[in-house]
Amino acid sequence: MGNLCLRKKPKQQALVKNLYQLQLDQIEEGNAIERHNQHVIKVEEQPVEQNTSGDPLIDTPTQGADDQHTNIEIQRSGSFTESNQFAPPQKQQVGFNQEQEQSIKEKEFKEYLQKQRIQEEEELKRLQTEEAERVQLKEKQDKQKHKEEQERQNRAQEQEQEAIRLLQKQQEQERQAQLIKQQEEEEKLKKQEQIKQQQIKEEQERIKLEQELKQKKEQEEKDRLRIEEAQRIQAQQEEAERIKIQKEKQEQERLRVEEEKKQQALKEEQERLRIQKEHDEKERIRIEEEKRLQAQKEEQERLRLQKEQEEKERLRIEEERRLQAQKEEQERLRLQKELEEKERLRIEEEKRLQAQKEQEEKIRLQKEHEEKERLRIEEEKRLQAQQEEQERVRLQKELEEKERLRVEEEKRLQAQKEEEERIRLQKEHEEKERIRLLKEHEEKERLRIEEEKRLQAEKEEQERLRLQKEHEEKERLRIEEEKRLQALKEEEERIRIQKEHEEKERLRLEEEKRLQALKEEEERIRLQKEQEEKLRIEEEKKIQEQKEQEEKIRLQKEHEEKERLRIEEEKKIQSQKEEEERLRQQQQKEQQEKLLEQERLRKEQEEHEKLLKQQQLEEEQRLQHEENERIRLQEEKLKHEKEQQEHQQHHADHFNFEWIDGGENVLLTGDWLKWQEQIQLQKHENKHHTKLDLPKGKYQFKFIVDGDWKTSPHYPIDAATTNNIIEI
């Protein structure tokens, strides 16, 4: 609309100037004809003089003035030459020829004026037609731009909805993965519980078999004792005194041995129960610790992902708000510039009528325009630099945050490495899957940010091209205006010399009336355009309010979804805790039942031993000897295994470290050196190598090649720390 107004004003001014010039030409034509008629009358009244050759002559000064005036009129009509030299006729011939010339001049001059009027009218009609076509074309372009803007907004909304849908789908996949993981954990706990129950059953079967074996041996012993008792009864009468003394000694010895055996069995049973309790307690603590670490790790991972997602969402919202504020600021500046441009053109139009101040005002406005253009370009550069600096700072903070998280993860892994090494194999697959999902999420986020940057760059490029076109159009109009003004100035200067003071006054009054009418027409057009501009601004505000309402609804839905996920996560954690408490209580109950069963078996065994203590003294001694021998062998075996294990733990193996990828100075460092000390590698041909004595275990290391820390592709690489790893 602003450009259309700028294009209309110079054309209206040109039309006014053409009309003004046409009226001046008409007045000048009437004056010239009147002067010419007066001159012809004077020439006819003057006497004809004879020169020495007898030819009649016209008075020289009068003829010179007449020639000069005639030359001027011929130049305007374009029908005669500048010399205008005639042959000296007689007095009557001169008058007749002058009348013919006068009539021809008048006729040609009238034809010229009529042609000029026709041309001016045709030019005016053509300009009006072009103006109408230009207005229609501008309206079509505005409609097309509005339609494209609406389509662009619809596409942006569709993309935003697609992104929300993908995010919801990803969250649903994460929830499903967590449910699957929880189901796997429950299955694993059930399997462990089944294994424990199977072990308990096997232990009960073994105890039952031992009891049956003991009962069988006791029955055999009873039979043997019964036969011996019959034999002793037969010889009892003969050796009563001897047997009595011998029985007393045997009874004392048996009681002593029985007491010792009972104490030994009690000690062994207590030791076995204590060892079993300790083993069960350690197993329970290990399982609880594993569960706690797993839950802690999952909770930390969930919190970290949630924080990253919230941070990214917050940055995206801030970026959108900043872009929205920047667009509003640019729109405000553009409207302000258009208003300033309109005001400047109005002032320029008023001051253009003043001939003496015109050039100075033009130079001042040009300087102001250049200064504003320079300030605008500087402001755009500053905003661009500020935006780039903010983007750089944001990326740097993200990198620092990732580096900090990576360092903390390394420390935590280093502290828990010994405990997690035992369960690393079963969690490695889950860790790889989590890293893959995280990388996919980061890749999607990076693509979304790149798409937003690309759209922003396209918008900025379109805005820059639009401003550049407007500037070129303004510059072209300014040059045309200057040329027109220059031509008009020259024409006005020529007219100003020829016209009279009274004619000036009359024309000035008429010109003021016409200018007043034109100003009223322009004011009406301007008010109509301002009304259209207000309607357009109100439409844009409505669209903006609709966008803000949709954004508010979207944020509210996201908040509700996050709250729902949080509540589900809390319920899940609560149910998991209740399941763990139930399993723990069940284990305690089973342990108590097991202890009661063992106590009952022990009491039954003691009672059974009391009943058979007189008959199985020798058998018990033999069994005691065998049991002692078995325990001694078992202890020796355990001691041997312990010594072998300690020997394996403290035994060192030679490991050869090699670097074959070039370089002059190669150093080695690793976690067994706490990454502080460095070992020089020996160079042999194109290889660098060294041998180190390291205990058995898993180590991380890196090579320092000519001052640069590098990993070798010939050794395994840890995905979490990007270090080489070995296991001895």
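Predicted model, so just to flag it, every value in this text is computed and none were measured.

Chemist: How do you make sense of the confidence of the model for the protein chain when you look at a structure like this?
Modeler: Interpretation of this model should avoid reading the predicted coordinates in detail wherever pLDDT is low. Of the residues in the protein chain, 87% reach a pLDDT of 70 or more, and the chain-wide mean stands at 78. The least confident element of the protein chain, judged by mean pLDDT, is strand β2 (residues 56-57) at 38; the most confident is strand β4 (residues 666-670) at 92. Taken together, the stretch residues 1-9 has pLDDT below 50 and engages in 26 contacts with residues farther than four places along the chain or on a different chain. Every residue in residues 46-92 scores below 50 in pLDDT, and together they form 52 contacts with partners more than four places removed in sequence or on other chains.

Chemist: Help me understand the pattern of salt bridges, please; the structure alone is not making it clear to me.
Modeler: Pairs may arise between side chains of opposite charge once their charged atoms sit close together. By the definition in use, this model includes 99 salt bridges. Across the pair R376 and E373 runs a salt bridge whose closest N-O atoms are separated by 2.2 Å. Placement of the pair is R376 and E373 together in helix α5 (residues 358-415), with a separation of three residues, close to one helical turn. The exposure class of R376 is buried, given its relative accessible area of 15%. Three or more residues are tied together by salt bridges with common partners; here these are E160, E313, R316, E320, E551, R554 and E558.

Chemist: Even after reading the chapter, I still don't get the nonpolar core, so can you show me in this structure?
Modeler: For soluble globular proteins, nonpolar side chains are generally found buried alongside one another. Counting 13 residues, the largest nonpolar core has F657, L668, F701, F703 and I726 as the members making the most contacts within it. Counting residues per element, the ones that place at least two in this core are β3 (652-659), β4, β7 (687-695) and β8 (698-705). By residue number, the principal contributor to this core is β8, which donates four residues.

Chemist: Looking at this structure, I do not really get the pairing of β7. What am I missing?
Modeler: Every other side chain in a regular strand lies on the same face of the sheet, so the side chains alternate between the two faces. Side-chain alternation along β7 places H688, T690, L692 and L694 on a buried face and K687, H689, K691, D693 and P695 on a face that remains uncovered. Across three bridges, strand β6 (residues 682-684) lies against β7 in antiparallel orientation. By the bridge assignment for β7, H684 is matched with K687. With antiparallel pairing between neighbouring strands as the criterion, β6 and β7 make up a hairpin whose turn holds two residues, including E685 at a positive phi of roughly 60 degrees.

Chemist: Would you mind showing me how to read the packing of aromatic side chains here?
Modeler: We describe a pair of aromatic rings using the distance from one ring centre to the other and the angle between the two ring planes. Within this structure, the stated rule accounts for eight aromatic pairs. Judged by centre distance (6.4 Å) and plane angle (35 degrees), the rings of F109 and Y112 are tilted. Separated by three residues within a single helix, F109 and Y112 lie in helix α3 (residues 91-234), roughly one turn from each other. Since its relative accessible area comes to 5%, F109 is described here as buried. Ring geometry for F701 and Y715: centres 5.4 Å apart, planes at 85 degrees, overall edge-to-face. With F701 in strand β8 and Y715 in the loop between β9 (708-710) and β10 (724-727), this pair connects stretches of sequence that are 14 residues apart. Each member of the pair, F701 as well as Y715, carries the same accessibility label: buried.

Chemist: Help me understand α5 in this model?
Modeler: Two residues of an α-helix separated by three or four positions point the same way, owing to the 3.6 residues in each turn. With 58 residues, α5 ought to run about 86 Å at 1.5 Å a step, and its terminal C-alpha atoms sit 84 Å apart, in line with that. For α5, every residue scored as buried is listed here: E361, L365, H369, E373, R376, Q387, E391, R394 and R412. If you follow the buried residues of α5, they end up packed against α4 (240-352), α6 (417-421) and α7 (424-498).

Chemist: Even after reading the chapter, I still don't get the environment of Q309, so can you show me in this structure?
Modeler: Position of Q309 relative to the elements: it lies in helix α4. A sequence separation of 132 residues divides Q309 from H441, and the C-alpha atoms of the two residues are 9.9 Å apart. Setting aside residues up to four positions removed in sequence, Q309 forms contacts with L167 and Q171.

Chemist: Whenever I open this one, the packing of α4 against α5 confuses me. Can you help?
Modeler: Two quantities define a packed helix pair, namely the angle between the axes and the distance from one axis to the other. It is the contact of α4 with α5, at a shortest axis distance of 12 Å, that shows an interaxial angle of 180 degrees. What the angle tells us is that α4 and α5 run roughly antiparallel. A breakdown of the residues in the contact of α4 with α5 according to their chemical character gives five nonpolar, five polar and 20 charged.

Chemist: Help me understand the side chain of R352, please; the structure alone is not making it clear to me.
Modeler: Among the secondary structure elements, R352 is positioned in helix α4. For R352, the side chain forms a polar contact with the side chain of E349, separated by 2.8 Å.

Chemist: Can you walk me through unusual backbone geometry in this structure?
Modeler: Keep in mind that most residues, glycine aside, have a negative phi and that most peptide bonds are trans. You will see that K674, though not glycine, has its phi angle at about 60 degrees, which is positive. Here K674 lies in the loop between β4 and β5 (679-680). What makes K674 exposed here is its relative accessible area of 67%. Located in the positive-phi region is D706, a residue other than glycine, with phi close to 50 degrees. Tracing the backbone through its elements, the reader meets D706 in the loop between β8 and β9. Judged by its relative accessible area of 45%, D706 is partly exposed.

Here is what the cut-offs are and how they apply
- Residues numbered from 1 in each chain as written.
- Predicted model: local features only at pLDDT ≥ 70, side-chain atom pairs only at ≥ 80, totals over all residues.
- Heavy atoms only, no water.
- pLDDT = per-residue confidence, 0-100.
- Helix = DSSP H or I, 4+ residues; strand = E, 2+ residues; numbered from the N terminus.
- Contact = heavy atoms within 4.5 Å.
- Salt bridge = Lys/Arg side-chain N within 4 Å of Asp/Glu carboxyl O.
- Buried < 20%, exposed > 50% of the residue type's maximum accessible area, 1.4 Å probe, protein only.
- Core = buried A, V, L, I, M, F, W, Y, C linked by side-chain atoms within 4.5 Å.
- Pairing = 2+ DSSP bridges.
- Phe/Tyr/Trp six-rings, centres within 6.5 Å; stacked < 30°, edge-to-face > 60°.
- Expected span 1.5 Å × (residues − 1).
- Axes fitted to C-alpha atoms, helices over the stretch in contact; angles between N-to-C directions.
- Parallel < 35°, antiparallel > 145°, perpendicular 65-115°, else oblique.
- Nonpolar A, V, L, I, M, F, W, Y, C, P; charged D, E, K, R; others polar.
- Polar contact = N/O pair within 3.5 Å; in protein donor to acceptor, adjacent residues only side chain to side chain.

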